[in-house]
Amino acid sequence: MPYIISIDQSTSCTKALLFDSSGNLAGRTDLPHRQLVDGRGWVEHDPEEIYGNLIKSVRMLLEKTGISGSEIAGAALSNQRETSVAWHRGTGKPVYNAIVWQCGRGAAICSRIKQSNPGNAEFIKSRTGLNLSPYFSAAKLAWILENVPEAKRLALQGNLVCSTMDSWLVYRLTKGHAVKTDYSNASRTQLFNIYALKWDDDICGMFGIPPAALPEVCPSDSLFGSTDFDGVLDNPVPLHGVLGDSQGALFAQGCLTGGMVKATYGTGSSVMMNTGNNPVACKGLVTSLAWGMGKDISYVLEGNINYTGATIEWLKNDLQLIGSAAETEPISQRAAAVPGLYLVPAFSGLGAPYWNENARTVICGIDRTTGKAEIVRAAEESIAYQIADIVLLMKEQTGFSLSTLRVDGGPTRDAFLMQFQADIVRAGVRVAAVEELSGMGPAVAAGSALGVYDTDSILNKPPKKEFAPKMTEQQRIKLYAGWKRAVNFALTY
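Residues numbered from 1 in each chain as written. Predicted model: local features only at pLDDT ≥ 70, side-chain atom pairs only at ≥ 80, totals over all residues. Heavy atoms only, no water.

Trainee: Please clarify how the side chain of histidine 240 should be interpreted in this entry.
Mentor: Locating histidine 240 in the fold gives a position in strand β15 (residues 237-244). The class for histidine 240 is buried, based on a relative accessible area of 13%. Setting aside residues no more than four positions away along its own chain, histidine 240 makes contact with Ala75, Ser220, Asp221, Ser222, Leu223, Ala445, Ala446, Ala449 and Leu450. (Helix = DSSP H or I, 4+ residues; strand = E, 2+ residues; numbered from the N terminus. Buried < 20%, exposed > 50% of the residue type's maximum accessible area, 1.4 Å probe, protein only. Contact = heavy atoms within 4.5 Å.)

Trainee: Would you take a moment to explain the sheet that holds strand β22 (residues 404-408) for this structure?
Mentor: The strands that make up a sheet are held in pairs by hydrogen bonds between backbone atoms, and each pair lies either parallel or antiparallel. The 7 strands lie next to each other as β18-β19-β17-β16-β22-β23-β24, forming an open sheet whose pairing is mixed. Two strands lie at the open edges of the sheet, namely β18 (286-293) and β24 (465-467), each paired on one side alone. Across the sheet, the mean angle separating the axes of adjacent strands is 25 degrees when strand polarity is ignored. Two strands pair when backbone bridges link them, and β22 and strand β23 (residues 428-431) are joined in this way by 4 bridges, in the parallel orientation. (Pairing = 2+ DSSP bridges. Axes fitted to C-alpha atoms, helices over the stretch in contact; angles between N-to-C directions.)

Trainee: Please explain the packing of aromatic side chains as it appears in this structure.
Mentor: Within this structure, the stated rule accounts for 15 aromatic pairs. By way of ring pairs, the aromatic residues Tyr342, Tyr385, Phe416, Phe420 and Trp483 are connected into one cluster. Between the NZ or CZ atom of arginine 172 and the centre of the ring of tyrosine 51, over which it lies, the distance is 4.3 Å. (Phe/Tyr/Trp six-rings, centres within 6.5 Å; stacked < 30°, edge-to-face > 60°. Lys NZ or Arg CZ within 6 Å of the ring centre and 35° of its normal.)

Trainee: How do you make sense of helix α4 (residues 137-147) when you look at a structure like this?
Mentor: Along an α-helix, a turn takes 3.6 residues, which lines up residues three or four apart on a common side. Taken across its 11 residues, α4 has 9 buried, putting it largely inside the fold. Turning to α4, its buried residues number three or more, namely Ser137, Ala138, Ala139, Lys140, Leu141, Ala142, Trp143, Ile144 and Leu145.

Trainee: Looking at this structure, how should I read the pairing of strand β9 (residues 160-164)?
Mentor: Moving residue by residue along a regular strand, the side chains alternate between the two faces of the sheet. In terms of residue burial, β9 counts as a mostly covered element, since 5 of its 5 residues are buried. Note: strand β7 (residues 84-88) against β9, 5 bridges, orientation antiparallel. Along β9, the bridge assignment pairs histidine 88 with leucine 160.

Trainee: What exactly am I supposed to notice about the state of the cysteines here?
Mentor: Linking two cysteines covalently through their sulfur atoms gives a disulfide. If you walk through the whole model with that rule in mind, you get 0 disulfides. Cysteine cysteine 218 is unpaired, with the sulfur of cysteine 204 as its nearest cysteine sulfur at 17 Å. A residue is classified by how much of its surface remains accessible, and cysteine 218, at 5% relative accessible area, is buried. Free cysteine: cysteine 282, not disulfide-bonded; nearest cysteine sulfur from cysteine 255 at 18 Å. Owing to a relative accessible area of 3%, cysteine 282 belongs among the buried residues under this scheme. (Disulfide = S-S within 2.5 Å.)

Remember, this is a structural readout, not a statement about activity or role.
What follows is the structure in C-alpha cells.
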C-alpha cells in the first residue's frame, strides 16, 4: 500500500502526517519549537530548529506506525504562510531567524512607502491583491535587508534568497537542488503580481528586494525535487505538493470551484472563498491565489479575524467564567436569549472586513436577567457573527450563492455554535471529518500527481456532521442588524 508523508509546518509546531492510499490519516507525530519573543513584541523562529524537528518527526512517524520507507510513494508540505526567512543560496544557512507572520516590525517600512507616495498603497493592492501591511512577507524581508549586514552583502553578490518557509524547507529537503515556491505562498508575500503571475519588479523596488533573490514560482502540485529526509528513507521520494496552510485546508475541504467557501476556526479564524479562474477585488478582504494545479490557476477572497477561539480563552483565563472551552456549549444551550445582548471582541482592534486597529471591545444590551451563561452565549455568538460578516460580504461582492459553508477546527465540535452559524449565514454548515486539513491538502495534490489518489473520491467523503438553518429570516435579519449596531459602537468608542 503506497503512503504519502505530508509535513505541516505551523506556527507552533511541525507535524509529520501519514496518509494511506485511501487518503485516510494513518499516523501523526509533532514537535513544538520555541517562540522567540522579545520585549518589543517581535516574534521569531529558529529555522534550523524547525528543520531539525521536521526530520525528527518523520523518523518518529515511521517508528510509531511501523511503516517502512519503501512504502512511501511521495512527500508534501504545507507551511505557515507569511513567515519569512533570508538565506545563503549556496549553503542554505539563514542570515537571521525567521520573522513570524505575527511580527509587526515592518510597520515603519510600510509607513515610509506610503508616505513617499500616497498612491503606493493602492498601487500595491492593485497588483498583489493585498493591503499594504507589515503582516505580509515583503516588509519583513525588507527589514532583514536593511538591518542585517550579511543579508546586504549576499544580495550584492547575488547569493541571497528571500522567501517564505516553504522554499527554505524545500531547499533543505532536496539537498540544495531546488529554490522554489508555489503560487499560494508567492501570493502572500506582497511581492507577486497575481494577475501577471510573476514577481513584480516595481513593488520589489519599493521594498528594496532584488527580484533575483526570490525563488522560482511553480504550480502547487509540481515536482519540487526529491528527498530522503536526511537519510530517514533508504531511497529518495518525489516532493510533489506544496501549499500555504490556509490554501491547503481549502483544497482538503473540496472547495475546488468558484463560490465554495470554508471557514477555519482557531485562535483566530480564516474565511476563504474560491472565486475560480477570475480574481475578485473586494474592499475589506484580500485577493490571493488559491493554487496552481498544472496549468489551472484558481483565486480566492480571504478575510482574517483576530479573536474567535481566543475570545473563549478570555472567558476562561481572564474572566474565569468557564473552566474549559468544552463548557461553552452546554452553558450557551441553557442561557436565556437576551434581546440586544452582544459582545464584540475587539481586543486588538477588528480585522476583516473592518480593519480598524482602534476599535475597542464592547458588551452591550445587558439587562437584569443577564448572568454568566448569557455572557458566555454572547461570546459564542460573536464568533458566528464575525464569520457571517465575511461570508455575507463575499456573497455580495461576487454574486455567488452559498448553499454550504465548509468548516474545520476545534470549535466545530460545539453544536450550539455550529447551529447558530448555520442560522446567521442562512446556509448549511458542513463539519469536516478530518482534522489535519492543512497537511491533507498538499498530500492529496501530491498523491493525485503521482497517480496514488483520485482527487474527487478523496475529497468528497461524508462530513462528520451537518447543520441546516432553522431560524426564520425575519429573526435572522433582526439579530444581524443588532450585531452591526454593536460593531458600530466598537468602531466609534
